[in-house]
Each structure stands twice: as structure tokens, then as C-alpha cells.
Amino acid sequence: MDASDAALYATLLKEAPEGLAFFDRDLRCRRANDALAALLGVRVRDLQQRRPSEALAAAFESALRKVVAEDRPVSGLEVVVPVRPQEASDEPSGVATAVEERILACTWLPAKGGGDERPGVVLTALDVTERRRAEEVIRRKEQRYRSLVEASAQVVWVAAPAGGVIDDAPEWRAITGQTPDDYAVGGWLSVVHPEDRPRIEAHWRDCVEENRVFETNYRIRTKSGTYRHFDVRAVPIWQGDAVIEWVGANTDVTGQREAEEMRGRLTEQLSAAALRTARLQQATSMLAEALTVSQVVQVITEVGRSAIGADYSAVALLDDDKLRLSIVAPSQPGAESETPPPSRDGIKVSDQTVMSVAVRESRPFLAEHPDSLRLQLGHGERDLFAQHTEERAWVGLPLLAAGAPIGALRFSFTRPREITEEERVFLEALAGQCALAVERALLFEREHRTAEELQRSLLPSDLPQLPGMALAARYNPATRHVQVGGDWYDVFRLADNRLAVACGDVMGKGVLAAAGMGRVRNALRALALNDPRPAAVLAGLDRLFSATEDEEQFTTVVYAVIDPETGQGELSNAGHPPALLISPDTPARVSTREPGTPLGWPSQRQQTSFSIETGNTVVFYSDGLVENRRRGVDAGLEELVAVAADAPPEVVGDPERLVDFLVDRMLAGYEQVDDVTVLALHVPPKSE
């Protein structure tokens, strides 16, 4: 063998991707390359001098015998061989390893020597496992598709990329009675119900233009002249980046539709009374939690509309002069579009409208169709609710409290609608519940406004304006009660032009907490004007608190004295949440100094010196900012630091924007159950 033959031989054994082996006429393996050993999951030395039945599969040996006996190649034979992973071949005996099967496409060629000599057989093996598996997957999918189409009641059709007809659809024509020429010209669209066709044709055109799935339902004229309901779904078939055709499937759902309609009618008839009773119970439960008039309106309109199938609803309340009705918008976002925008003068009780008549006569008003409305009212109602031109039936109900009207309910329908006696009784009961709830909500809103005004009157009306320091404060009352609270803040100048800053919280709600807050705030001012040192002021409050306050009146306060020109100050804390420190150069943090005990508890009051550097901000706040029913104080403090760290520089530099940013972010996603007070002091950079 010359050098080139030797190189070719060595390369084939070492580098060829196909498996190669040479067997002598005794069927023993004389040579095998690494690729074959890897395909079989064995080592090359395990194949040497061995018959196929000993090292491989029996199919190998039968093929070899045939080549030796007949002296001609055997090809196209695929052999399935079990293969143990190569890395497991060195495992000790008795250790179980996973075995997989591989499919090898094998060819056996009789080897020729000099003259007529036939020294043996050459084997080539190619791994076609993945290709055969992929082909099997495709075959099974095609088989499943054919079985599904044959077993289903669907009618399949094909359309061109532009939506036109490609092939005839005999199954479809058997339903519609179309001739091949009819179908070739008009396709399936030509037998769609005239009322459905404009919608379906536009939808089909849009889907074809945008290459998106076409899915809808329509009525089809059958060969008997009747119409049946079909659901249809058509999908674009892609080849590369282009759609080559559309494949659609129609399913006759007429029986299903008819059964559903019948079942719906029976269910509606059998459950109407039970549903109305359940709706009234639901309204009672929901109204118990509705505090504002808009929340009451939302509950009533939702319950009433779902119970009787109304399409639109509105609630109007009488003004103080009892001469006009004002539309009340529901509280749910987006629901406002269901009611007309209130006019500048409202709805006059003397007008000819559904609600005006109900209020004026203190009785339900019913108009079952447009002719009835025109007969009773003329055209006034249509002018008022002009955006609901499709209304065809109306119901108006007075809202009565202690026998006197306070407003009206209005429901309308987009089809003529007769209100049964049972529905009328239900609606009158619903209107009675609505009137009681509205009356209670009006009282709540009035008390809530009064309580909030009282709370704000106990806080500073404005903050000192200082050239070297900017201040901002926010007070957010809790939304689910009408009582005043004990949160407060105060900022005032001392005799030496220093600034006294305080933030406190008297636990609890109501007059007792507000009165306690007022006493502590006033006492703090008096003590500060006498001896402004923070420790001295808190010690004086301790003495006052112990002498005058109830032991259960838990009160915290933080008090600081600051020189606005230098930013130097002193602070003392009586159990209040730690101050938040924000600096442009260091991460936001809360003070780590141990707070003292609340007021009135035995304690040696300590004061701490601090300095507010240029560009820095100090934020005092009440526990309502960091604590609620779902978030503990520690977690709230961590979240407050994270929120402050996210504040943009332009927000940090503006205390007005900063307090809004902190309050909005800290309360987002939580129900506010406690008042929130925030006070920020910022030392702006010196102007150049």
C-alpha cells in the first residue's frame, strides 16, 4: 500500500462520520472505525474478531451470509440495534444503565482483492434514527388529521391566498345545493344569510389582508331553502414568509343552538323568581359596605340590570330645592359612559322625563315600547338621553325616604320589553333598598366632610417660608371612616429664629383622639416657647401626660429644633417612627437611633444632634404610611427606603413633589385604614 492509500485508509477509519467495518469470509470483524463503535455504544476492541451475532444484532449476520453466498451487495436494510450509552460502558457488571434504540441504514458490499479473490465484506452504517422518528411524527400527525376530519361533522374547504375559491368542495355543496359552477363563482360566501353577509364578508376580507385566523359564526342557506347555524374557523397556511392557501372548517351547530335556546328559555322561566330573590339579598350585602352615594349607585345599577336584563341605567337625586334631579355617576371606572353627562341645570322635576314623572307622582313609570313613551311623554326623554338612541323600553322608579321622594332610578332596554308583575315588585323593593342606602350614604358623606374639615383645622394652615429651607406636608385621612384621628404635625418659629418641628400620633379615632392631639400639640408649643430643648420639651409633655391623660391614651411624638441657616439641629423621639434621610450622595435610609418610650411612660429623655446638609432631605411621618393590615412596620420601613431610593432627582429636590411621591407609592395596592401624615424638610443647594 502506497502512502496515499495508507492516508486514505487511516482517514476513513478515524474521521469518516459513517460507521465502517470489514468482515472476513468467516464473518469475523477484522476492522471497525470509531464512528461504528459510537453508533453501537461499544468500544472498537469489543468488535474485533467477533461475529455480528456476538457483538451486534442477528440481522447483521444474516445480511453478511447473504453477501458472502451470493457475492452481491445488500443495501437499503435498516436495522434497529439496542445501544447502551458509551459513558456507561465502563460501569461494573450488575449496574443497570439506560438502553436506547438506534436505527441504522446499512449497506454490505463484497470486498474484491486481486483477481477473483473475495476476502470478505465491507459494512457501511448511517444513523437515521432522528430522521425516521421525525418521519414517524409527521405520519402520525397526518393520520390523526385524516381520522379527525373523517370522524367529525366538519366540512373542510380551501381558499386561495387572496380569499377566492381554489378547489371544489363537494361536501359543502351537498349541504348548500350549489352547483360546481355556482361554488366556483361565489364560493361559500354566496349562501351566507343576507343579514350576516356584510359582517362576515368584511371580517373575512380583514383576516385575509392581515393573514390572521378567521373565526366566527353565521347562518347558511341549505338546499332545502332553510337556514342553519355554522361555526367556522379558517387558518392561513404558510410556506416560508408567504401564505399559500387558507384551510377552513365549518361545523353545523344548529341543533346545539336550538337546544341552548330551549334550555335558556326553560332556565329563565324556572329560575326568575329565585334569581330576583338572590339579587335582593346580594344588594343588601353589597349595600352594607357601600359608603358613598356613587358606590350605592354602582351596586343598585349592577344588581338591577343583571336581574332584569336592562341595557342602561341611571340614578338621579333631588337637589336641595327639590326642583331638579342630578345624575349620579357610578364609582366603577368606565361605568360613567352608561349614564348621560349631567346638564348644567339638571333634570327639572316638571319636565316630561321617565325619572321626573316617577318623582313627581311617587310611582313607577313604565313604557314598554317607543309608541308608549311618545304617548306618555312626547320627545323630552329622547332629547335628554340622546346618546342612547337604540332604547326601546323604559322603567322609572321613585326613591322614597320616609314617604318623600329623594331621587329616581331609571332602567332602559334596547328592545321592546314588558315588565311583569313579579319584576315590578322586585324593582320596587330594589328602589326601597336604594333609597335607604342613598340616605345613609348622604349622611356618611356629610359627616366625612365635617370630620375631615375638623381634622385639618387642627393642623397648621400653612408652613413657614424660609430662604434656606423648603418645607412640605401632607395629611391623608383614612377613607373608610368618618371619625377624626390623632395624627398631626406642627412647624413654628422660636424666639431665636430657629425652627421647631413636631410630628405626632395619638392612637385611636374620634373626638377623644382629636382632643388628646390638640392638648399635646398646644402643650408642646407652650413648652417649646419656654425651653425649646427637645429633651426638655418631651420631659414636660411626660409630666403633663401623666397628670392629665388616660393611661390607655397611647401617644408618640418626634420633636426637633433646627437652625434653618446652618441646618444644625437637635431631636428627641418619644416612640415615633424613625425619620427618613434622603441624600443625593448616599442611599436613602431611616434613622437607626433607638426611639424613646411613648409619652407618659417613665423614661430619661435624650436628645440627639444632627445636621441637614445642603441637598439633603429629612422626612417625618406617621405609622399609617408604613403599616397596614397586610404590611408590618419592619417591612414597611424597608419598602419606604426602597421607594425613596427610586425617587428621581427632580422629585427629591422638590419637597412638594416628594411627599406626594412617597404617599402615592407607599399606599398603592393597599387599603388605607389609618390616617397618614408626612412632613419633609429640604435644604436646597446654594445658588451660584
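It should be emphasised that the depicted structure is a prediction, and the values quoted were computed from it without experimental measurement.

What counts and how
Residues numbered from 1 in each chain as written. Predicted model: local features only at pLDDT ≥ 70, side-chain atom pairs only at ≥ 80, totals over all residues. Heavy atoms only, no water. Helix = DSSP H or I, 4+ residues; strand = E, 2+ residues; numbered from the N terminus. Buried < 20%, exposed > 50% of the residue type's maximum accessible area, 1.4 Å probe, protein only. Contact = heavy atoms within 4.5 Å. Areas by Shrake-Rupley, 256 points an atom, 1.4 Å probe, with all protein chains shown as cover. Patch = residues over 30% accessible without salt bridge, like charges linked within 9 Å, V, L, I, M, F, W, Y side chains within 5 Å. Salt bridge = Lys/Arg side-chain N within 4 Å of Asp/Glu carboxyl O. Expected span 1.5 Å × (residues − 1). Arc of directions from axis to C-beta. Axes fitted to C-alpha atoms, helices over the stretch in contact; angles between N-to-C directions. Parallel < 35°, antiparallel > 145°, perpendicular 65-115°, else oblique. Left-handed = near helix turned anticlockwise from the far one by under 90°. Nonpolar A, V, L, I, M, F, W, Y, C, P; charged D, E, K, R; others polar. Pairing = 2+ DSSP bridges. Core = buried A, V, L, I, M, F, W, Y, C linked by side-chain atoms within 4.5 Å. Phe/Tyr/Trp six-rings, centres within 6.5 Å; stacked < 30°, edge-to-face > 60°. Lys NZ or Arg CZ within 6 Å of the ring centre and 35° of its normal. Polar contact = N/O pair within 3.5 Å; in protein donor to acceptor, adjacent residues only side chain to side chain. pLDDT = per-residue confidence, 0-100.

Observations regarding the overall build of the protein chain
Step number 1: Counting its secondary structure elements, the protein chain contains 20 helices and 25 strands.
Step number 2: Classification of the 688 residues of the protein chain by burial places 42% in the buried group.
Step number 3: For the protein chain, the share of sequence-separated contacts (at least 6 apart) that also reach a separation of at least 24 residues comes to 61%.
Step number 4: Counting only carbon and sulfur atoms, one obtains 52% of the accessible surface of the protein chain, whose full area is about 36000 Å².

Thoughts on a nonpolar patch on the surface
Step number 1: Together, Met-507, Phe-554 and Trp-601 give the surface a local cluster of nonpolar side chains, amounting to about 270 Å² of exposed area.
Step number 2: Within the secondary structure layout, Met-507 lies in strand β18 (residues 499–509).
Step number 3: Of the residues examined, Met-507 reaches a relative accessible area of 30% and is grouped as partly exposed.

Some remarks on helix α18 (residues 633–646)
Step number 1: In a regular helix each residue adds 1.5 Å, so 14 residues correspond to 20 Å; α18 covers 20 Å between its end C-alpha atoms and thus fits that length.
Step number 2: Taken together, the buried positions of α18 are Gly-636, Leu-637, Leu-640, Val-643 and Ala-644. The buried residues of α18 occupy one face: seen down the axis, they fall within an arc of 125°. Across α18 from its buried face, at more than 90 degrees, point the exposed residues Asp-634, Glu-638 and Ala-645.
Step number 3: For α18, the secondary structure elements touched by its buried residues are β21 (580–582), β24 (617–621) and α20 (655–667).

As for the packing of α18 against α20
Step number 1: The contact between α18 and α20 brings their axes to 10 Å, and the two run at 130°. With respect to α20, the element α18 is oriented oblique. Read as a crossing pair, α18 and α20 show a hand that is right-handed. Of the residues in α20, those in contact with Gly-636, Glu-639, Leu-640, Val-643, Ala-644 and Asp-646 of α18 are Phe-661, Leu-662, Arg-665 and Met-666.
Step number 2: Per-class residue counts for the contact of α18 with α20 are 6 nonpolar, 1 polar and 3 charged.

Side note on the side chain of Thr-176
Step number 1: Along the chain, Thr-176 turns up in helix α7 (residues 170–176).
Step number 2: What Thr-176 contacts, discounting residues up to four positions off in sequence, is Val-191, Ile-220, Arg-221, Thr-222 and Lys-223.

Here's the deal with the sheet that holds strand β5 (residues 120–127)
Step number 1: With antiparallel pairing, 5 strands are arranged side by side in an open sheet as β2-β1-β5-β4-β3. Sheet topology places β2 (29–32) and β3 (74–83) at the edges, where each strand pairs with a single neighbour. Here the strands of the sheet are splayed against their neighbours by 30° on average, with no regard to which way each runs.
Step number 2: The pairing of β3 with strand β4 (residues 100–111) spans 8 bridges and is antiparallel.

Thoughts on the environment of Trp-488
Step number 1: Of note, Trp-488 is situated in strand β17 (residues 485–493).
Step number 2: The exposure class of Trp-488 is buried, given its relative accessible area of 0%.
Step number 3: As a C-alpha pair, Trp-488 and Pro-460 span 28 residues in sequence and 9.1 Å in three-dimensional space.

Some remarks on the sheet that holds β24
Step number 1: An order of β16-β25-β24-β21-β22 is seen for the 5 strands of this open sheet, with the pairing classed as antiparallel. Whereas interior strands pair on both sides, the edge strands pair on one side only; in this sheet they are β16 (470–476) and β22 (589–590).
Step number 2: Of the strand pairs in this sheet, β21 and β22 are connected by 2 bridges, and their pairing is antiparallel. By the bridge assignment for β22, Leu-580 is matched with Val-590.
Step number 3: Set on the sheet, α18 makes contact with β21, β22 and β24; between it and β21 the angle comes to about 20°.
Step number 4: Each of β16, β21, β24 and β25 (676–682) touches α20; the most contacted strand, β16, lies at about 30° to it.

Remarks on the nonpolar core
Step number 1: In this structure, Met-469, Leu-524, Leu-541, Tyr-559, Phe-620 and Leu-679 are the most contacted members of the largest nonpolar core, which totals 43 residues.
Step number 2: Listed in part, the 34 residues of the second largest apolar core include Leu-287, Val-315, Leu-317 and Phe-426.

Re unusual backbone geometry
Step number 1: Phi is positive for Gln-49, close to 65°, though the residue is something other than glycine.
Step number 2: The phi torsion at Asp-71 lies on the positive side, around 55°, for a residue other than glycine.
Step number 3: On the secondary structure map, Asp-71 appears in the loop between α5 (58–70) and β3.

Re the packing of aromatic side chains
Step number 1: Under the definition given, this model contains 10 aromatic pairs.
Step number 2: Considering the side-chain rings of Trp-188 and Phe-214, the 5.9 Å spacing of their centres and the 40° angle between planes classify their relative orientation as tilted. Of this pair, Trp-188 sits in the loop between α8 (180–186) and α9 (197–210) while Phe-214 sits in strand β7 (residues 214–221), and the two are 26 residues apart along the sequence.
Step number 3: For the ring pair Trp-204 and Phe-214, a centre distance of 5.0 Å and an interplane angle of 70° mean the geometry is edge-to-face. Remark: Phe-214 occurs in strand β7 and Trp-204 occurs in helix α9; sequence separation between them is 10 residues. Judged on exposure class, the residue Trp-204 and its partner Phe-214 are both buried.
Step number 4: One Lys or Arg, Arg-631, reaches over the ring of Tyr-670 and ends 4.3 Å from the middle of that ring.

Concerning the environment of Val-683
Step number 1: Counting through the fold element by element, Val-683 comes out in the segment after β25.
Step number 2: Residues within four places of Val-683 in sequence aside, it is in contact with Gly-468, Met-469, Ile-612, Glu-613, Thr-614, Gly-615 and Asn-616.

Digging into the pattern of salt bridges
Step number 1: Scanning all chains against the criterion turns up 34 salt bridges.
Step number 2: Arg-72 is paired through a salt bridge with Glu-70; the nearest N and O atoms lie 2.8 Å apart.
Step number 3: Here Arg-72 falls in the partly exposed class, since its relative accessible area comes to 42%.
Step number 4: On the basis of relative accessibility, which here comes to 38%, the residue Glu-70 falls in the partly exposed class.

Topic: the side chain of Asn-250
Step number 1: Structurally, the position occupied by Asn-250 is in strand β9 (residues 242–252).
Step number 2: Side-chain polar atoms of Asn-250 contact the side chain of Trp-157, separated by 2.5 Å.
Step number 3: A distance of 2.8 Å separates polar atoms of two side chains, one belonging to Asn-250 and the other to Tyr-218.

Thoughts on the pairing of strand β19 (residues 555–562)
Step number 1: With 8 of its 8 residues buried, β19 lies for the most part within the structure.
Step number 2: Neither face of β19 is left uncovered, since the one carrying Thr-555, Val-557, Tyr-559 and Val-561 and the one carrying Thr-556, Val-558, Ala-560 and Ile-562 both have all their residues buried.

Description of the confidence of the model for the protein chain
Step number 1: The predicted model of the protein chain has a mean per-residue pLDDT of 83, with 85% of residues at 70 or higher.
Step number 2: Mean pLDDT across the elements of the protein chain ranges from a minimum in helix α14 (residues 380–384), with 57, to a maximum in β24, with 95.
Step number 3: With pLDDT under 50 throughout, residues 333–337 is counted as low confidence; its partners more than four residues away or in other chains account for 5 contacts.

A closer look at the environment of Pro-684
Step number 1: Take Pro-684: it is sitting in the segment after β25.
Step number 2: Separated by 68 residues in the primary sequence, Pro-684 and Asn-616 have C-alpha atoms spaced 7.4 Å apart.
Step number 3: Ignoring sequence-local partners within four residues, the contact set of Pro-684 consists of Gly-468, Met-469, Ala-470, Thr-614 and Gly-615.

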